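The primary structure of each chain is shown beneath.
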Amino acid sequence: MVVRDDRGRQIELPSAPSRIVSLVPSDTYSLARLGRAALLVGRTRYCVEPRGRIDHAEIVGGVLDPDVPRIVALGPDVVVANLEDNRQRDVERLEAAGIPVLVSHPTTVRAGLDHAVRLHRLCGGDAGAFHPVLAQASEALAQATPPSMGPRRRRSSLGHGS
């Protein structure tokens, strides 16, 4: 199984992961909503939703202060992290310990949905079919996206009195 993260790096796993540590609250939520909560063995203290579905996953510190030795001891197949939220040195320490780290950096709603699809596929989801949650989100995004009106001109409010 090979996926490319938002750093442009290929994450190679011999098979779909059975043990995941999430350092990103939104990814923890997404994994649970995609029916993959049972794969979570670790999460940050800020990964609290959906309540009751992720409580089994051990708390491994915070977003900015994960307990790297504890994460390594959990033996995850992969760790999910975020470029803006997590520290590069923590990601590097995990990778140096031989743990693949999938780093996300979605900057648009579309990129966020694409990342959720990537998580679904990483966990063994069918590459040719959407999970119902993803299909619903994709449809909602399509309905919310206005047709292209061409390039927009920016108007500055500088120099205008109020």
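## A word on the sheet that holds strand 3 (residues 20-22)
With parallel pairing, five strands are arranged side by side in an open sheet as 5-4-3-6-7. Each edge of the sheet is formed by a strand with only one pairing partner; in this case those strands are strand 5 (58-59) and strand 7 (101-104). Of the pairings in the sheet, the one linking strand 4 (residues 40-43) to strand 5 comprises two bridges and is parallel in character. Bridge assignment links R43 to a residue of strand 5, and that residue is I59. Sheet contacts for helix 1 (residues 25-33): strand 3, strand 4, strand 6 (78-82) and strand 7; angle to strand 3, the most-contacted strand, approximately 135 degrees. The strands touched by helix 3 (residues 88-96) within the sheet are strand 6 and strand 7, with strand 7 carrying the most contacts at an inclination of about 155 degrees.

## Points about the environment of G42
Checked against the element boundaries, G42 lands in strand 4. Using a relative accessible area of 0% as the deciding quantity, one classes G42 as buried. Separated by 15 residues in the primary sequence, G42 and A57 have C-alpha atoms spaced 4.7 Å apart. With residues near it in sequence (within four places) discarded, G42 still touches I20, V21, S22, A57, E58, V60 and L74.

## Concerning helix 4 (residues 109-122)
Between the first and last C-alpha of helix 4 there are 20 Å, a value that for 14 residues agrees with the 20 Å anticipated at 1.5 Å per step. Listing the buried residues of helix 4 in full gives L113, H115, A116, V117, R118, L119, H120 and L122. Of the residues trailing helix 4, G124 is marked for its positive phi of about 90 degrees.

## Looking at the pattern of salt bridges
With the rule as written, the count across this model stands at 10 salt bridges. R45 is the partner of D65 in a salt bridge, and the nearest nitrogen-oxygen pair spans 3.2 Å. Taken together, the residues span a long stretch of sequence, with D65 in the loop between strand 5 and helix 2 (68-74) and R45 in the loop between strand 4 and strand 5 at a distance of 20 residues. For D65, a relative accessible area of 41% gives the class partly exposed. Given the relative accessible area of 39%, R45 is considered partly exposed. A salt bridge links D90 to R87; the nearest nitrogen and oxygen atoms lie 2.8 Å apart. Residue D90 is classed as buried on the basis of its relative accessible area, which comes to 1%. Classification of R87 by relative accessible area gives partly exposed; the value is 28%. Connected through salt bridges with shared partners, the residues D5, R7, R9 and E95 form a single ionic network.

Cut-offs used in this document
- Residues numbered from 1 in each chain as written.
- Predicted model: local features only at pLDDT ≥ 70, side-chain atom pairs only at ≥ 80, totals over all residues.
- Heavy atoms only, no water.
- Pairing = 2+ DSSP bridges.
- Helix = DSSP H or I, 4+ residues; strand = E, 2+ residues; numbered from the N terminus.
- Contact = heavy atoms within 4.5 Å.
- Axes fitted to C-alpha atoms, helices over the stretch in contact; angles between N-to-C directions.
- Buried < 20%, exposed > 50% of the residue type's maximum accessible area, 1.4 Å probe, protein only.
- Expected span 1.5 Å × (residues − 1).
- Salt bridge = Lys/Arg side-chain N within 4 Å of Asp/Glu carboxyl O.

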